[in-house]
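# Tertiary structure, described
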Amino acid sequence: MRPTAAVLKALEEESIEILRETAASFSNPVMLYSIGKDSSVLLHLAKKAFYPADIPFTLMHIDTTWKFKEMITFRDEIVEKYGVKLIIHTNLQGAREGVTPFSTSISEYTRIMKTVALREALDKYQFDAAIGGSRRDEEKSRAKERIFSVRESGHRWEPRAQRPELWRTYNTRLAPGQTMRVFPISDWTEIDVWEYIYQNNIAINPLYFAKERPIVMRGSQIIMVDDERYPLQPNEVPVNRKIRFRTLGCYPLTAGVTSDADTLESILEEISEVKLSERATRLIDGDKEDSMEKKKTEGYF
């Protein structure tokens, strides 16, 4: 069921309150920009929260070097359009050592190129709070997060040590060595996000819209061959299929879905009928070696 205007307004007001609380409570916060739909909504909310002033956060993108090409193009267009400051950080040691989605297990690749890279960047720039677009409906371990979620020394997440949040009372105090993760759209659902994008005409990445794209099948997963680095099987030739993406990430680990939804209206209709979470198309979540909760305890967002 699509959310009403009143529901969206309440969600928006809560998120704006959280963003303003973050700006007031921390000395050096950063907003993580993953280039996906949730990040696009978060950026729109931040602009609205502090208008007519500039957004008081630096943006940061953890670049594994394996993102879709259209993600990087869109990222650079948004930065130029809105004049925001963006830090791009890559785990250079991992890149030099040839860590790719194909050279190691999925869990090890995620640990080195995403988790370690994020911890490196947070420490390098001494950020005391990191704002992200995670939502509780995405995955079971993310449902355990508080809106203001404390990380211990080394960016470790201890779910049983999280603080209660009663009656919208947030505890933003940090002990030495602690940092905070902040989730302003934690209470939103996927369809809330899409309806808000539709109602506010928010720019989103073209990968979310269906079109003919070169793909190969890996089991039941549809993988877009985005550049020449993708290893094909003997005599394998990518074929064009009309697909779109419900979530974005590293292209070898992000499956598309067969779809004709090429407008926001048709995406909303499609999402309203689908019961499966969008993260079902993220191969890193299906990796049996490593649960999302384990990744998060190590510092993954």
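The model shown is predicted, which means the values in this text are computed figures rather than measured ones.

Reading guide: rules and limits
Residues numbered from 1 in each chain as written. Predicted model: local features only at pLDDT ≥ 70, side-chain atom pairs only at ≥ 80, totals over all residues. Heavy atoms only, no water. Domains from an automatic or database assignment. Contact = heavy atoms within 4.5 Å. Buried area = accessible area lost by both parts, 1.4 Å probe. Salt bridge = Lys/Arg side-chain N within 4 Å of Asp/Glu carboxyl O. Polar contact = N/O pair within 3.5 Å; in protein donor to acceptor, adjacent residues only side chain to side chain. Nonpolar A, V, L, I, M, F, W, Y, C, P; charged D, E, K, R; others polar. Buried < 20%, exposed > 50% of the residue type's maximum accessible area, 1.4 Å probe, protein only. Helix = DSSP H or I, 4+ residues; strand = E, 2+ residues; numbered from the N terminus. Pairing = 2+ DSSP bridges. Axes fitted to C-alpha atoms, helices over the stretch in contact; angles between N-to-C directions. Expected span 1.5 Å × (residues − 1). Bend = angle between axes of the 7 residues up to and from the residue.

### Here's the deal with the domain arrangement of the chain
Structurally, the chain comprises domain 1 (5-195 + 290-297) and domain 2 (202-285). Taking only C-alpha atoms into account, the centre of domain 1 sits 23 Å from that of domain 2. At the junction of the two partners, domain 1 supplies 31 residues and domain 2 supplies 35 residues. Between domain 1 and domain 2 the total buried area reaches about 3100 Å² when both faces are included, carbon and sulfur atoms providing 64% of it. Between domain 1 and domain 2 we count one salt bridge in total. In this structure, glutamate 190 engages arginine 246 in a salt bridge whose closest nitrogen and oxygen atoms are separated by 2.7 Å. At the junction of domain 1 and domain 2, the tally comes to seven residue pairs in polar contact (both at pLDDT 80 or more). Per-class residue counts for the side of domain 1 that touches domain 2 are 13 nonpolar, six polar and twelve charged.

### Here we look at the pairing of strand S1 (residues 29-32)
Neither face of S1 is open: one carries Pro29 and Met31, the other Val30 and Leu32, and all of them are buried. The pairing of S1 with strand S4 (residues 129-131) spans three bridges and is parallel. By the bridge assignment for S4, valine 30 is matched with alanine 130.

### Looking at the sheet that holds S4
The sheet built from six strands is open, its strands ordered S3-S2-S1-S4-S6-S5 with mixed pairing. At either end of the open sheet lies a strand with only one pairing partner, and these are strand S3 (86-89) and strand S5 (148-151). Averaged over all pairs of adjacent strands, the angle between strand axes in this sheet comes to 30 degrees, irrespective of strand direction. In the sheet, strand S2 (residues 58-62) pairs with S3 via four bridges, with the strands oriented parallel. Pairing of leucine 59 across the sheet is with leucine 86, part of S3.

### A closer look at helix H5 (residues 106-124)
Between its terminal C-alpha atoms H5 stretches 26 Å, which fits the 27 Å expected from 19 residues at 1.5 Å a residue. Along its length, H5 reaches its greatest deviation from straightness, about 30 degrees, at isoleucine 112. Here H5 has its buried residues at Ser107, Tyr109, Thr110, Ile112, Met113, Lys114, Thr115, Val116, Ala117, Leu118, Ala121 and Leu122. Once H5 finishes, glutamine 126 follows within two positions and takes phi at roughly 55 degrees, a positive value.

### Notes on the side chain of threonine 254
With respect to the helices, strands and loops of the structure, threonine 254 is situated in the loop between strand S9 (239-244) and strand S10 (255-258). Side-chain polar atoms of threonine 254 contact the backbone oxygen of cysteine 250, separated by 2.8 Å.

### Things to note about helix H1 (residues 5-25)
The end-to-end C-alpha distance of H1, which contains 21 residues, comes to 30 Å, matching closely the 30 Å that a straight helix rising 1.5 Å per residue would cover. Those residues of H1 that sit buried are Leu8, Leu11, Glu12, Glu14, Ser15, Ile16, Ile18, Leu19 and Thr22. Turning to H1, the residues buried within the fold contact S1, helix H2 (37-50), S4, S5, strand S6 (179-182) and helix H6 (190-200).

### Points about the pattern of salt bridges
Going through the model one piece at a time under the given rule, you end up with 16 salt bridges. In this structure, lysine 48 engages glutamate 12 in a salt bridge whose closest nitrogen and oxygen atoms are separated by 2.8 Å. Of this pair, lysine 48 sits in helix H2 while glutamate 12 is found in helix H1, placing the two residues 36 residues apart along the sequence. Look at lysine 48 and you get partly exposed, because its relative accessible area is 38%. In this structure, a network of salt bridges that share partners links the residues Lys9, Glu12 and Lys48.

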